[in-house]
Amino acid sequence: MKLQLSNIQKSFGAKTVLAGANFQVRDNEKIALVGRNGCGKTTLMKIICGQENYDSGTRMVLNGTNIGYLAQITFVDEEKTVYEELLTAFDKVRELEKQLNEQAEVLKTDSSEKQLAKYDALQTRFEALNGYQYEVELKNVFFHFQFDENDLNKKLCEFSSGQKTRIALVKLLLTKPDILLLDEPTNHLDIAAIEWLENYVKHYPFAVVLVSHDRMFLDHVVDEIVEIEFGKTQRYVGDYSHYLKAKEEYLKKNHEAYVRQQQEIHRLEDLIEKFRYKKNKAAFAKSKQKYLDRMDKIEDSSSDTSQIKAVFTCARKGGKQVLDVEDLSVGYDKVLSKVSFQLLQGQRMAIVGPNGIGKSTLIKTLVKELPAISGSFKFGHQIDVGYFNQESAQMKSNKNVLDELWDMDPDATQTQIRNTLASFLFTQDEVFKEVNDLSGGERVRLALAKLMLEHDNVLLLDEPTNHLDIPAKEALESALEKYDGTILFVSHDRMFLKKMATRVLEMDSVGKIYDLNYEEYLDKKANNELVESVAKVEKEVKPQTVSFTDLKAIKNRVAKLEVLLDEAEQDLEAMRELRYEPEYYQDYRKMEELDAKIDDKHNEIAALMKEWEEKMAMME
């Protein structure tokens, strides 16, 4: 056991954050702490590394265990170059290298067995620490975090705060602590850097404890989830997707056990009450009371089910041609990228590409926050544009939350505004909090509430999931999937991209359009099969005439399809029922196989339904 926390209690004033939390690091596990914003994840991380005190409980760390936490890394001298600072991560290796060179000099004049053995021992330790490759490793890690060779010789003071955070992360990774603590490590990274970090963490030779709202990162990296909810911790073995299923099953089984125990308690209490005053049964009643007193009581586990309930709608439909962009060059003092594309009603187009290529710049140009360098763009007839940007989380105002939103719709009643705020989890006295006092996640929720009230038919979204916890992200995805308007968006959240994108704009020096969803885009890109979309004006398709003979065959096929659909839906229901059989929910692999079969059945039903709809249209 490298580290163990037992029954940790921690409060800040009247607010209890941790109420009996337990946590262990045994070997070289990859563990994720999950839970809603404000549940205590970062507090627990600080307690793990000894940065935060706790009110009660115990913390045990195996002697010699080195714990590394990003927040603990500070740059004492920012006049140092990046290279000089990063080299300090290899102080032990470099000291050993110095001793090795000194011993090599000794061997020039004294090659006795004793001196040769000393050199051999030093060299063995040096090789074990990858001493001959440490400079290569330094550059490899550094360059993967969106820096280049020239940056190594720049002073630390020349970088922005976000860049300094990335440099600190590089230093932490190079230090290789026995327990590596990462709090939102994918923030401010583009997808290529996230994927590299994902692979690095997955193969990191020691233990990793991380907090992340990147669901795909968790699925690809961790083998254990520790959830913090209502101040308590609950451990689940497996990745994030398995945790979601396991938690649902745990809550169900725990509630059933609680109900059974309560029934048994009531039965025993009735017996005790019935016999406690009868002389010849008093001993029996007393024994039952002792049994009842010793019983380990089961708590009826509950889950925080509060969720954003956003509903995005359009005040008017708008024209079919939403946006026409022609040879539009975007940038500041120089051109970052040049793009041409058409956006049609109902499309959800993702803008992807490396950081610094102009994704956010394109959005800002389209909303006229920045001037175009050259080229043109034009929104279609009756198009209303709603805009969410990365600065939304930096919203500043002396107003309270209620007034901030009410100013968007002065004709609404207070009840209507409070109902809207409640749908974004601002309830009771929270609506009277000053906007300046809100957390990053709260400001994003407020900005989304304001966007919802505008009822625009086109949404331009720049990193809308930043600062949101996982339940809030999933709720936002659900709301946007039901939205009847058009969306153009930038995101580094791969799960969000996977669920939302129906088209992809890949930005490089020249933008390229692909009529693919995000998964198809990635698959074809990996296989070098990407084919650019060719812009074309859609023509009205005239209905086909169908002969009497063909009509009869179509009717027969429709009847057959309806039978097949009924059978497939019955099969699907039967497979769903298997999820509640112990043979499946107790076997992770069997449950995965069953889920794959259920997905296949869903696809089969979708294909049958599509054909049925096509045949019905031909009969009309």
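Quick caveat, the model's predicted, so the values are computed rather than measured.

Colleague: Could you give an account of the UniProt feature "coiled-coil region" (unreviewed entry) in the protein chain, with specific residues and numbers?
Modeller: The UniProt entry lists residues 83-113 and 551-611 under the feature "coiled-coil region" (unreviewed entry), expressed in the numbering used here. Segment residues 83-113 splits into 74% helix and 0% strand. End C-alpha atoms: 39 Å apart.

Colleague: Explain the domain arrangement of the protein chain to me, and be specific about the residues and the numbers.
Modeller: For the protein chain, the assigned domains read domain 1 (243-294), domain 2 (321-531) and domain 3 (549-618). On a C-alpha basis, the centres of domain 1 and domain 3 stand 45 Å from each other. Contact residues are listed per partner, giving 4 residues for domain 1 and 4 residues for domain 3. When domain 1 packs against domain 3, the two sides together hide about 380 Å² of surface, and 53% of this comes from carbon and sulfur. Of all residues in domain 1, K245, E249 and K253 give up the largest surface area on contact with domain 3, accounting jointly for 78% of the area buried on that side.

Colleague: Summarise the confidence of the model for the protein chain; cite the residues concerned and give the values.
Modeller: Chain-level pLDDT for the protein chain is 88 on average; 96% of the residues reach the 70-or-more range. For the stretch residues 536-543, pLDDT sits under 50, and the model shows 3 contacts to residues farther than four places along the chain or on other chains.

Colleague: With reference to specific residues and values, describe unusual backbone geometry.
Modeller: Its identity is not glycine, yet Q146 carries a phi of approximately 65 degrees, on the positive side. Mapped onto the elements, Q146 comes out in the loop between α5 (134-143) and α6 (161-175). Overall, Q146 belongs to the partly exposed group, its relative accessible area being 27%. Located in the positive-phi region is Q382, a residue other than glycine, with phi close to 55 degrees. The residue Q382 is located in the loop between β13 (374-379) and β14 (385-388) in this model. The class for Q382 is partly exposed, based on a relative accessible area of 36%.

Colleague: Explain the packing of aromatic side chains residue by residue, including any values.
Modeller: Summed over all chains, the structure comprises 17 aromatic pairs. Judged by centre distance (5.3 Å) and plane angle (70 degrees), the rings of Y236 and Y243 are edge-to-face. Accessibility classification places Y236 together with Y243 in one group, the buried group. Consider the rings of Y236 and Y250, whose centres lie 6.2 Å apart with planes at 85 degrees: the pair is edge-to-face. With Y236 in strand β9 (residues 232-237) and Y250 in helix α9 (residues 240-275), the pair connects residues that are 14 residues apart, well separated along the chain. Overall, Y236 belongs to the buried group, its relative accessible area being 7%.

Colleague: Account for the sheet that holds strand β10 (residues 321-331), naming residues and giving values.
Modeller: Pairing within the open sheet is antiparallel, and its 3 strands lie in the order β11-β10-β13. Because the sheet does not close on itself, it has two edges, and the strands there are β11 (335-344) and β13. If you compare each strand with its neighbour and ignore which way they point, the axes differ by 15 degrees on average. For β10 and β13, the ladder comprises 5 bridges, and the chain directions are antiparallel. Residue E326 lies in a different strand from β13, and its bridge partner there is S376. Sheet strands touched by helix α11 (residues 359-366): β10, β11 and β13. Its angle to β10, the strand with the most contacts, is close to 120 degrees.

Colleague: Just give me the short version of the pairing of strand β2 (residues 15-25), but keep the residues and values in it.
Modeller: Pairing analysis gives 8 bridges linking strand β1 (residues 3-12) to β2, with the strands arranged antiparallel. Along β2, the bridge assignment pairs I8 with A21. The hairpin formed by β1 and β2 contains 2 residues between the paired strands, and G13 there has a positive phi angle of roughly 65 degrees.

Colleague: Quick rundown of α6? Include the residues and the values.
Modeller: Given a rise of 1.5 Å per residue, 15 residues ought to cover 21 Å, and the 21 Å separating the end C-alpha atoms of α6 matches this to within 8%. Restricting attention to buried positions, one finds in α6 the residues K164, R166, I167, A168, L169, V170, K171, L172, L173 and L174. Contacts made by the buried residues of α6 are with β5 (67-69), α2 (82-87), α5, β6 (179-183) and α7 (191-202). K176 sits one or two positions beyond α6 and adopts a positive phi of about 55 degrees.

Colleague: Got a sec to walk through the environment of S301? Specific residues and values, please.
Modeller: The residue S301 is located in the loop between α10 (282-294) and β10 in this model. With residues near it in sequence (within four places) discarded, S301 still touches Y250, L251 and N254.

Colleague: Describe the packing of α5 against α6, with residues and values.
Modeller: Taken N-terminus to C-terminus, the directions of α5 and α6 make an angle of 140 degrees; their axes are 10 Å apart at the nearest point. Taken together, the axes of α5 and α6 lie oblique to each other. The two elements α5 and α6 cross, and the hand of that crossing is right-handed. Residues E137, L138, V141 and F142 of α5 form the contact with α6, whose participating residues are I167, V170, L173 and L174. Taken together, the residues of the contact of α5 with α6 break down into 7 nonpolar, no polar and 1 charged.

Colleague: For the state of the cysteines, give the residues involved together with the corresponding values.
Modeller: In this structure the tally under the stated criterion is 0 disulfides. There is no disulfide at C39, and the cysteine sulfur nearest it, in C49, is 17 Å away. The class for C39 is buried, based on a relative accessible area of 14%.

Colleague: Explain the nonpolar core residue by residue, including any values.
Modeller: Counting residues in hydrophobic clusters, the biggest one holds 51 residues, and the most contacted among them are L86, F145, I167, L173 and L210. Looking at this core element by element, the count peaks at 7 residues for α6. In contact with L86, other than residues within four places in its own chain, are L138, F142, L152, I167, V170, K171 and L174. Judged by nonpolar contacts, the second largest core, of 47 residues, contains I308, M395, Y483 and F489.

Cut-offs and rules
- Residues numbered from 1 in each chain as written.
- Predicted model: local features only at pLDDT ≥ 70, side-chain atom pairs only at ≥ 80, totals over all residues.
- Heavy atoms only, no water.
- UniProt positions renumbered as here; feature names shortened; annotations may be inferred.
- Helix = DSSP H or I, 4+ residues; strand = E, 2+ residues; numbered from the N terminus.
- Domains from an automatic or database assignment.
- Contact = heavy atoms within 4.5 Å.
- Buried area = accessible area lost by both parts, 1.4 Å probe.
- pLDDT = per-residue confidence, 0-100.
- Buried < 20%, exposed > 50% of the residue type's maximum accessible area, 1.4 Å probe, protein only.
- Phe/Tyr/Trp six-rings, centres within 6.5 Å; stacked < 30°, edge-to-face > 60°.
- Pairing = 2+ DSSP bridges.
- Axes fitted to C-alpha atoms, helices over the stretch in contact; angles between N-to-C directions.
- Expected span 1.5 Å × (residues − 1).
- Parallel < 35°, antiparallel > 145°, perpendicular 65-115°, else oblique.
- Left-handed = near helix turned anticlockwise from the far one by under 90°.
- Nonpolar A, V, L, I, M, F, W, Y, C, P; charged D, E, K, R; others polar.
- Disulfide = S-S within 2.5 Å.
- Core = buried A, V, L, I, M, F, W, Y, C linked by side-chain atoms within 4.5 Å.

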